[in-house]
Amino acid sequence: MQALPPPPPAIEAPPIEAAAVAAPAPDRSEATTGELRVAAALTDAQVHVDSGFTGASIVLYGAVFNPTPDPVDVVVVVRGPDAPVRLVKKTRNMGVWLNSRPVLFEGAPGFYMTASTRPLSDIADFGQLRRLGVGVDHLRIDAPEEAGTVTRYGVRDVVVSRLGDDYLDWRRAVIRLKEAAALYDTDPDGVEFVDRGLFRAEVKLPTVAPTGKYYAEVWLFQGGEPRSVSNLTLTVEKVGIERDIYEFAHRRPWLYGLLCVVLAALTGYGASRIFSRRD
Amino acid sequence: MDIYLPIAEVSVNWPTLVILGAVVGFVSGLFGIGGGFLMAPILVFMGIPPTVAVASQASHVVASSTSGVIRYAGQGAVDFKMGGVMAAGGAAGAIAGVELFRYLRLLGQADLVVALSYLVFLGAIGLLMLHESLTEILRRRRGLPPPRKDRRRPLWLYGLPLKMKFPKSGLYISALPPFGLGVFAGILSAIMGVGGGFILVPAMLYVLRMRAGAVVGTSLFQIIITTAITTILQAGRNQTVDILLSTILLLGGVVGAQIGARFAGRFRAEELRAALGLIVLLVGIQMGLELFVRPSDIFLLAPGVSD
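Residues numbered from 1 in each chain as written. Chains lettered and ligands numbered in written order. Predicted model: local features only at pLDDT ≥ 70, side-chain atom pairs only at ≥ 80, totals over all residues. Heavy atoms only, no water.

- Named according to an unreviewed UniProt entry, chain B is Probable membrane transporter protein originating from Brevundimonas mediterranea.
- The UniProt entry for chain B carries the following text under Sequence similarities (unreviewed entry): "Belongs to the 4-toluene sulfonate uptake permease (TSUP) (TC 2.A.102) family." (UniProt positions renumbered as here; feature names shortened; annotations may be inferred.)

**With respect to the overall build of chain B**
So, step 1. Of the regular secondary structure elements, chain B holds eleven helices and five strands.
So, step 2. Expected size for 307 residues packed as a compact globule is a radius of gyration near 19 Å; at 19 Å, chain B falls within 12% of this value.
So, step 3. Each principal axis of the C-alpha distribution contributes one length, and for chain B these read about 55 × 45 × 40 Å.
So, step 4. Across the 307 residues that make up chain B, the buried fraction comes to 57%.
So, step 5. Between the mean site of the 24 positive side-chain charges and the mean site of the 14 negative ones, chain B shows a separation of 18 Å. (Helix = DSSP H or I, 4+ residues; strand = E, 2+ residues; numbered from the N terminus. Rg over C-alpha atoms; globule rule 2.2 N^0.38 Å. Buried < 20%, exposed > 50% of the residue type's maximum accessible area, 1.4 Å probe, protein only. Lys, Arg positive; Asp, Glu negative; His and termini not counted. Charge placed at Lys NZ, Arg CZ, Asp CG, Glu CD.)

**Re the overall build of chain A**
So, step 1. The helix and strand inventory of chain A stands at six helices and 15 strands.
So, step 2. Out of the 279 residues in chain A, the part that is buried amounts to 45%.
So, step 3. Within chain A, contacts between residues at least 6 apart in sequence are counted, and of these 70% link residues at least 24 apart.
So, step 4. Carbon together with sulfur atoms contributes 53% to the accessible area of chain A, which is approximately 14000 Å² in total. (Contact = heavy atoms within 4.5 Å. Areas by Shrake-Rupley, 256 points an atom, 1.4 Å probe, with all protein chains shown as cover.)

**Things to note about unusual backbone geometry**
All names here are of chain A.
So, step 1. Positive phi, close to 65°, is recorded for Ala182, a residue that is not glycine.
So, step 2. Looking at where Ala182 falls in the secondary structure, it is placed in the loop between helix H4 (167-180) and strand E11 (184-187).
So, step 3. For Ala182, a relative accessible area of 41% gives the class partly exposed.

**A word on the sheet that holds strand E2 (residues 46-49) of chain A**
Residue and element names in this part refer to chain A.
So, step 1. Strand order in the open sheet made by the six strands is E2-E15-E14-E4-E8-E11, with mixed pairing throughout. Only two strands of the sheet have a single partner each, and these edge strands are E2 and E11. If you compare each strand with its neighbour and ignore which way they point, the axes differ by 15° on average.
So, step 2. As paired elements, strand E4 (residues 73-79) and strand E8 (residues 112-116) share five bridges and run antiparallel to each other. Directly across from Val77, in E8, lies its bridge partner Thr114. (Pairing = 2+ DSSP bridges. Axes fitted to C-alpha atoms, helices over the stretch in contact; angles between N-to-C directions.)

**Side note on the UniProt feature "transmembrane region" (unreviewed entry) in chain B**
So, step 1. Within this structure's numbering, the places UniProt gives as "transmembrane region" (unreviewed entry) are residues 12-33, 39-63, 84-104, 116-134, 181-208, 215-237, 243-263 and 275-293 of chain B.
So, step 2. When the span residues 39-63 of chain B is considered, its composition is 84% helix and 0% strand, and the gap between its end C-alpha atoms is 14 Å.

**So, the interface of chain B and chain A**
Bring the parts together and some accessible area is lost; that lost area is often taken as the interface size.
So, step 1. Contacts between the two partners involve 56 residues from chain B, matched on the other side by 58 residues from chain A.
So, step 2. In total, chain B and chain A occlude about 5100 Å² of area from one another, counting both sides; carbon and sulfur atoms represent 70% of this.
So, step 3. For the pair chain B and chain A, the number of links is zero salt bridges.
So, step 4. Linking chain B to chain A there are two residue pairs in polar contact (both at pLDDT 80 or more).
So, step 5. Looking at the side of chain B that touches chain A residue by residue, the class counts come to 34 nonpolar, 13 polar and nine charged. (Buried area = accessible area lost by both parts, 1.4 Å probe. Salt bridge = Lys/Arg side-chain N within 4 Å of Asp/Glu carboxyl O. Polar contact = N/O pair within 3.5 Å; in protein donor to acceptor, adjacent residues only side chain to side chain. Nonpolar A, V, L, I, M, F, W, Y, C, P; charged D, E, K, R; others polar.)

**Some details on H4 of chain A**
So, step 1. Under the 1.5 Å per step criterion, the end-to-end length of H4 of chain A is 20 Å for 14 residues, consistent within 8% with the ideal 20 Å.
So, step 2. Taken together, the buried positions of H4 of chain A are Tyr167, Trp170, Arg171, Arg172, Ala173, Val174, Ile175, Leu177 and Lys178 of chain A. (Expected span 1.5 Å × (residues − 1).)

**Focus on the pattern of salt bridges**
So, step 1. As enumerated under the stated definition, the model contains seven salt bridges over all chains in all.
So, step 2. A salt bridge links Arg200 of chain A to Glu192 of chain A; its shortest N-O distance comes to 3.8 Å.
So, step 3. Judged by relative accessible area, which is 28%, Arg200 of chain A ranks as partly exposed.
So, step 4. The closest approach of N and O atoms between Glu132 of chain B and Arg273 of chain B, which form a salt bridge, is 3.0 Å. Note that Glu132 of chain B is positioned in helix H5 (residues 110-142) and Arg273 of chain B in helix H11 (residues 269-289), a separation of 141 residues in sequence.
So, step 5. Overall, Glu132 of chain B belongs to the partly exposed group, its relative accessible area being 25%.

**Looking at the packing of helix H8 (residues 197-206) of chain B against helix H9 (residues 212-238) of chain B**
Residues and elements named next belong to chain B.
So, step 1. At a minimum axis separation of 10 Å, H8 and H9 run at an interaxial angle of 145°. Note on packing geometry: the crossing formed by H8 with H9 is right-handed. Residues Gly197, Leu200, Val201, Met204 and Leu205 of H8 form the contact with H9, whose participating residues are Ala212, Val215, Thr218, Ser219, Gln222 and Ile223.
So, step 2. By residue class, the composition of the contact of H8 with H9 is seven nonpolar, four polar and no charged. (Left-handed = near helix turned anticlockwise from the far one by under 90°.)

**A few points about the environment of Leu104 of chain B**
Residue and element names in this part refer to chain B.
So, step 1. Along the chain, Leu104 turns up in helix H4 (residues 80-107).
So, step 2. In sequence terms Leu104 and Ile191 are 87 residues apart; their C-alpha atoms lie 9.6 Å from each other.
So, step 3. Excluding residues within four positions of it along the chain, Leu104 makes contact with Gln109, Ala110 and Val113.

**Section: helix H3 (residues 50-74) of chain B**
All names here are of chain B.
So, step 1. With 25 residues, H3 ought to run about 36 Å at 1.5 Å a step, and its terminal C-alpha atoms sit 36 Å apart, in line with that.
So, step 2. The buried fraction of H3 amounts to 20 of the 25 residues, a majority that puts the element mostly inside the structure.
So, step 3. Looking one or two places after H3, you find Gly76, whose phi comes out positive at around 65°.

**Regarding the packing of helix H1 (residues 14-31) of chain B against helix H10 (residues 243-264) of chain B**
Residue and element names in this part refer to chain B.
So, step 1. At a minimum axis distance of 5 Å, the contact between H1 and H10 shows a crossing angle of 35°. Along this stretch, H1 crosses H10, giving a crossing that reads as right-handed. Residues Trp14, Leu17, Val18, Leu20, Gly21, Ala22, Gly25, Phe26, Ser28, Gly29 and Leu30 of H1 form the contact with H10, whose own contacting residues are Leu245, Ile248, Leu249, Gly252, Gly253, Gly256, Ala257, Ile259, Gly260, Ala261, Phe263 and Ala264.
So, step 2. A breakdown of the residues in the contact of H1 with H10 according to their chemical character gives 15 nonpolar, eight polar and no charged.

Shown next, in the form of C-alpha cells:
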C-alpha cells in the first residue's frame with residue numbers, strides 16, 4: 001500500500017478566495033452571464049427512511065456556464081454527519097486473536113463520497129485537494145496532536161495522535177472499513193455530462209447511512225484551480241412507523257422493553273391456545 | 001420483500017427471518033430448549049449487529065418458553081416454587097449480566113467474551129450430551145441392562161442453610177444451589193442471548209437430582225422470567241431491542257415450536273439428546289473458531305460512542 005503523506009490540517013471546506021470565484025461584482029445581473037460558474041440541484045433534498053428502505057439513490061444534476069474555450073472538471077463531494085469512530089485492532093496472543101483497547105477518533109464523516117469527471121489526481125494537484133478536503137485521502141478525521149487516553153462511559157480509550165507512527169494505519173483502517181460498508185466511495189467517472197454544460201451524478205446511500213444533515217459541494221475546476229462551488233444540503237430522516245419505534249425505544253426505553261416482553265408472552269400464549277384447540 | 005429494522009438499522013429479507021424463526025422454533029420444541037444459542041449466531045451471520053441480535057432474540061425465547069410452560073403446566077410438570085427460587089437468582093444474574101455486557105461492549109471485548117462463552121459452554125455441554133447419549137444408544141444396541149442409577153446427591157446440597165421443601169421436584173434442600181444456578185443462567189442470558197436451558201437442564205438433573213418429569217417445564221418457567229428481565233434491561237439500558245425483528249422471529253417461532261413438540265414424541269430420548277449434543281457442539285466450535293482463524297481485517301469498528 002502506498003504511503004500516505006501526513007494528514008491534512010483541520011479544514012472545513014473553506015470558501016475559496018473570492019477572487020477565484022468571481023470578481024468582486026456588486027452588480028451580478030448581466031455581468032454574470034459571461035462568468036465561469038456551476039449551478040446544481042438534487043432530485044430529492046429529503047430522504048425518508050421507512051420500512052421499505054433499502055438505501056436510496058439520489059440524482060444530483062447541474063449546469064456549467066463556461067464562456068472560456070478551456071475544458072472544465074466537475075467534482076461532487078457529499079459528506080454525512082460527523083460522528084466519533086472507535087476502532088479495535090486484533091492482535092494474536094498465544095494463538096488466539098484478541099482485541100486491543102479501543103482507539104478513538106473524535107470525528108469522521110458518517111458518509112463521504114466523491115464523484116468526478118476524471119480521477120481526482122488528474123483534476124487538481126495534491127496540495128489543492130488537501131486544502132479543500134476533497135477526496136478520501138484528504139478527508140478530515142479528527143485526532144489531536146498528542147496521544148492520550150480519555151475515559152468514556154467508564155472505559156479508558158486510547159486517542160491516537162495525529163503525529164504518531166501508527167496514525168496512518170488507523171486512519172486507513174477507518175476508511176477501508178467505511179468503504180466496505182459502502183459509506184465511503186470514490187467514483188472517478190461518477191459525473192457524467194449528458195449535454196454540453198449539463199451534468200448529472202448519482203449519490204448512492206446504503207441502508208446503513210446515518211440519519212442527519214448531509215452537505216454536498218459541487219466544485220468546478222479549470223486548469224487545476226477551483227473556479228466555482230455550489231453548496232447543497234440533504235436530509236436523511238426516519239419517518240412513519242420506523243421513526244415512531246425508534247423514538248419510543250430511545251425516549252421511553254423501559255416501557256418499550258416491557259411492551260416487547262408482553263407482546264412475546266402473549267404471542268406464546270396465543271399460539272399454545274390455538275394449537276391446543278386443534279387437538 | 002426487504003424490511004428495514006428501525007433499531008438494528010439494516011434491511012433484511014423478512015420471509016427469511018420468518019423461516020429462520022420457524023426452524024429454530026421447531027428445534028426448540030423438539031428438544032424442549034429455548035433455541036437462543038442457535039438463533040443468535042445465524043442472525044449475526046445475516047448481518048444484524050451482534051448486540052441487537054442478542055437482545056432482540058431474548059424476546060423470541062420468552063415467546064417459545066411461554067407456550068412451552070403452558071403445555072407442561074397442563075401436565076402438572078412445572079415446579080413453580082423451584083422455578084420461582086431460580087428465577088429470583090436469574091433476575092439478579094440478568095441485572096449483573098446486562099451491566100457486564102455493557103461494559104465489555106464499550107471495552108471492545110464483547111465479541112471475545114461471547115465467542116469464548118459459546119466455545120466453552122456449548123463445547124463442554126455438547127460433548128457431555130453426546131458422550132452420555134451415545135453410550136446409552138450403544139448399550140441398548142448390545143442389549144445390556146441399564147446401569148444402576150446413582151441416586152446420591154452431593155452432600156454439600158444438604159449442608160447449606162435456608163432449607164426449603166420442593167414437593168413437585170421431590171426435594172428438600174437448601175434454596176441456595178437453585179438460586180446460584182439461576183444467577184449463572186441470568187448472566188449467560190445477558191451475554192449470550194440464550195435462555196440457558198442447555199446448562200440448566202443437565203444441572204437440575206445431575207446436580208440437584210430433581211424428579212426428571214419436572215425438569216424441562218421448570219427450567220422453561222425460570223427461563224421466561226430471566227429472559228423477560230433481560231429483554232427489559234437491554235431495552236432500558238442499551239436500547240438494543242428491535243421490536244420488529246423480534247416480532248417477525250416469534251411469528252415463525254411459535255408455530256415451529258408447536259410442530260416440533262409434536263415430533264418430539266416420535267424419537268427416543270437418547271437419540272434426541274445425541275442430535276442436540278451434536279448441534280450444540282457444532283455451534284460452539286463454529287463460534288469459537290473466530291478466535292483462532294486469522295481475521296480478514298485486523299481492524300474492527302467498535303460500537304459505543306455514537307450509540
